Amino acid sequence: MAAPPPSSDVERLAREIRAGERNVLSRAITLIESKRSDHRHTAAALTQALLDATGKAVRVGITGAPGVGKSTMIDALGTLLTGQGRKVAVLAVDPSSRRTGGSILADKTRMARLANDANAFIRPSPASGTLGGVAAKTRETMLLCEAAGYNVILVETVGVGQSEIAVADMTDFFLVLALPGAGDELQALKKGVVELADMIVVNKADGDNLPRARIAAAEYGAAPHILSPRSPNWSPPVITCSALKSEGVEALWSHVLDHRQRLTASGELAARRGEQQVKWMWTMLEERLFAPLRSDRTLKAALPRIEAEVAAGRLAPATAAEEIAAMLAR
Ligand SMILES: Nc1nc2c(ncn2[C@@H]2O[C@H](COP(=O)(O)OP(=O)(O)OP(=O)(O)O)[C@@H](O)[C@H]2O)c(=O)[nH]1
Ligand SMILES: [Mg+2]
C-alpha cells in the first residue's frame, strides 16, 4: 500500500524541518500533540514525508526517582555533546499531571545551559493523557527532531510506574540514575526497572556523598541483573557521576558509544529498532481504535453504567464487551 502523496503544505513543512528551522519544528510538534483530526492527518503525512531523514540519532532514555538529578545530568551531558558539535534534543515522557507550567519552568532552569544553547532543543512532555498517547507523541516528536538534524535524543522520564518501559521501547540505550543511599533504593530498583538498564549511574557522587556513592556503585554492581544482561554483547556498567559538577559525564558518554558500536556490529541495534517500530504501530493502532472511548459522548456516558453492572454481577463481562464493541463499531 502506497502512502498518499503529500500535500504542498506538508511538503513545505517537511522542507523547512529538514533545513533545521526551529520555529517550524516547534509548530509541527504542536500539530502532533493536537487532538484535532485534521491536525493529526497532517502530522501523520509529515512524519511519513520525513521518514528517510529519521533514525540516525543516538537515542538515550534517562530515568530515576524524582530529584535524583536527571535534568541536571541532561544539562551536563547535553552541553558536553553540543561542545563536540552535536545537536541535542531533549524530550520527556510524563503522563502524570505533575508537570504543570511551573515545573516546566523549573526544568528549564535546571537545564539552564542547554536552554540557551543554539544546538539544543528542549521540549517538555506532552500534556497528561494515557501513557500510550503521551509516549506515541514523544516518539513522533523524536522523529521530527531527527529529521531536523538533531543527532542525539535524550528522553527523560520519572522513575515511577510504567513510563520507563515506554521510554526503553523508544530508545537505544536506557540509563538508570540512582542515589548514593543504596539499600532501600536497590530494593526498589530491583523491581523491574533495573532489568531494562543498559547502565546504572550513581549520581551526586560529590562532597560528603562520595564514599557512600562508591559503596552504592559496588552494591549495584553485585546485583543479580548484572549477571543476566539484556544483550549477550553488553554487561551494564555501574559508574558514579556528579551531574552538578559535570564529573564522570565523559565516561558516561563513552559507555553509550561503546554499547552502540558493539550492538551495531552484532546486528542487535537494527533488530531492536525494527521490533520497536512494529510495536509502535500496534500501540498507535490501539490508541486509535480506543480513542472513541475517551472522546465519544454517548460512549463516555454509557461506560460507567456498564462498569457498574459488571461489578454488581448483573451483566456478564463478555456481554458488556460485546455491547461496547458494537458501540465502537458504529
Ligand atoms: N550534590 C549534587 N546535587 C545534585 C546533582 N545532580 C542534581 N543535584 C540536585 O538535585 C536536585 C534535583 O535535580 P534535578 O536534576 O531537577 O532532578 P530530576 O531527577 O530531574 O528531578 P525530577 O524531574 O523532579 O524528577 C537539584 O537541587 C539539583 O541541583 C549532583 O550531581 N550532585
Ligand atoms: Mg527533571
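These numbers come from a predicted model, not from an experiment.

A. Expanded view of the nonpolar core. Judged by nonpolar contacts, the single largest core of 49 residues is most densely connected at Ile17, Leu25, Leu46, Leu144, Cys145, Tyr150 and Ile153. Here this core takes 7 residues from helix H7 (residues 131–147), the largest share from any one element. Here Leu46 is in contact with Val10, Leu13, Ala14, Ile17, Ala28 and Leu144, once residues within four sequence places are set aside. Core analysis: the next-biggest nonpolar cluster, separate from the first, contains 33 residues, Met73, Leu77, Ile122 and Val256 among them.

B. The coordination of the magnesium ion (ligand 2), seen in detail. Ligation of the magnesium ion (ligand 2) by protein atoms is provided by Ser71 (OG) and Glu156 (OE), these donors lying 2.1 to 2.3 Å from the ion. One end of the pair, Ser71, is in helix H4 (residues 70–83); the other, Glu156, is in strand S4 (residues 152–157), and 85 residues separate them in sequence. Each member of the pair, Ser71 as well as Glu156, carries the same accessibility label: buried.

C. The arrangement of the pattern of salt bridges in detail. Counting across every chain of the model gives 13 salt bridges. Among the ionic pairs, Arg36 bridges to Asp38, the shortest N-O distance being 2.7 Å. On the basis of relative accessibility, which here comes to 47%, the residue Arg36 falls in the partly exposed class. Two residues, Arg314 and Glu309, come together in a salt bridge whose shortest N-O distance is 3.4 Å. In this structure, a network of salt bridges that share partners links the residues Asp172, Arg260 and Arg273.

D. Representation of the site of ligand 1. Around ligand 1 sit 19 residues in total, of which Lys70, Ser71, Thr72, Arg110 and Asp206 are the nearest. At 3.1 Å from an oxygen atom of ligand 1 is found a main-chain nitrogen or oxygen belonging to Gly67. In the model, an oxygen atom of ligand 1 is placed 2.9 Å from a nitrogen or oxygen of the Ser71 main chain. A total of 660 Å² of accessible area belongs to ligand 1 in isolation, and the protein chains cover 79% of it. Per-element accounting of the shell around ligand 1 gives the leading share, 3 residues, to H4. When grouped by side-chain class, the residues that make up the shell around ligand 1 number 6 nonpolar, 6 polar and 7 charged.

E. Local environment of the environment of Pro211. Along the chain, Pro211 falls in helix H11 (residues 210–221). The class for Pro211 is exposed, based on a relative accessible area of 51%. On a C-alpha basis, the gap between Pro211 and Pro180 in space is 8.6 Å, while along the polypeptide they are 31 residues apart.

F. Fine view of the packing of aromatic side chains. Per the counting criterion, the structure on display carries 2 aromatic pairs. Arranged with centres 6.4 Å apart and planes meeting at 70°, the rings of Phe173 and Trp234 form a pair that is edge-to-face. Within this pair, whereas Phe173 is found in strand S5 (residues 173–178), its partner Trp234 is found in the loop between H11 and strand S7 (238–240), the two being separated by 61 residues in sequence. In this structure, Phe173 and Trp234 share a single accessibility class: buried. Stacked on the ring of Tyr150, the Lys or Arg Lys87 has its end atom at 4.4 Å from the ring centre.

Criteria and cut-off values
- Residues numbered from 1 in each chain as written.
- Chains lettered and ligands numbered in written order.
- Predicted model: local features only at pLDDT ≥ 70, side-chain atom pairs only at ≥ 80, totals over all residues.
- Heavy atoms only, no water.
- Core = buried A, V, L, I, M, F, W, Y, C linked by side-chain atoms within 4.5 Å.
- Buried < 20%, exposed > 50% of the residue type's maximum accessible area, 1.4 Å probe, protein only.
- Helix = DSSP H or I, 4+ residues; strand = E, 2+ residues; numbered from the N terminus.
- Contact = heavy atoms within 4.5 Å.
- Donors = N, O, S within 2.8 Å, 3.2 Å for Na, K, Ca; no water.
- Salt bridge = Lys/Arg side-chain N within 4 Å of Asp/Glu carboxyl O.
- Near = heavy atom within 4 Å.
- Polar contact = N/O pair within 3.5 Å; in protein donor to acceptor, adjacent residues only side chain to side chain.
- Areas by Shrake-Rupley, 256 points an atom, 1.4 Å probe, with all protein chains shown as cover.
- Nonpolar A, V, L, I, M, F, W, Y, C, P; charged D, E, K, R; others polar.
- Phe/Tyr/Trp six-rings, centres within 6.5 Å; stacked < 30°, edge-to-face > 60°.
- Lys NZ or Arg CZ within 6 Å of the ring centre and 35° of its normal.

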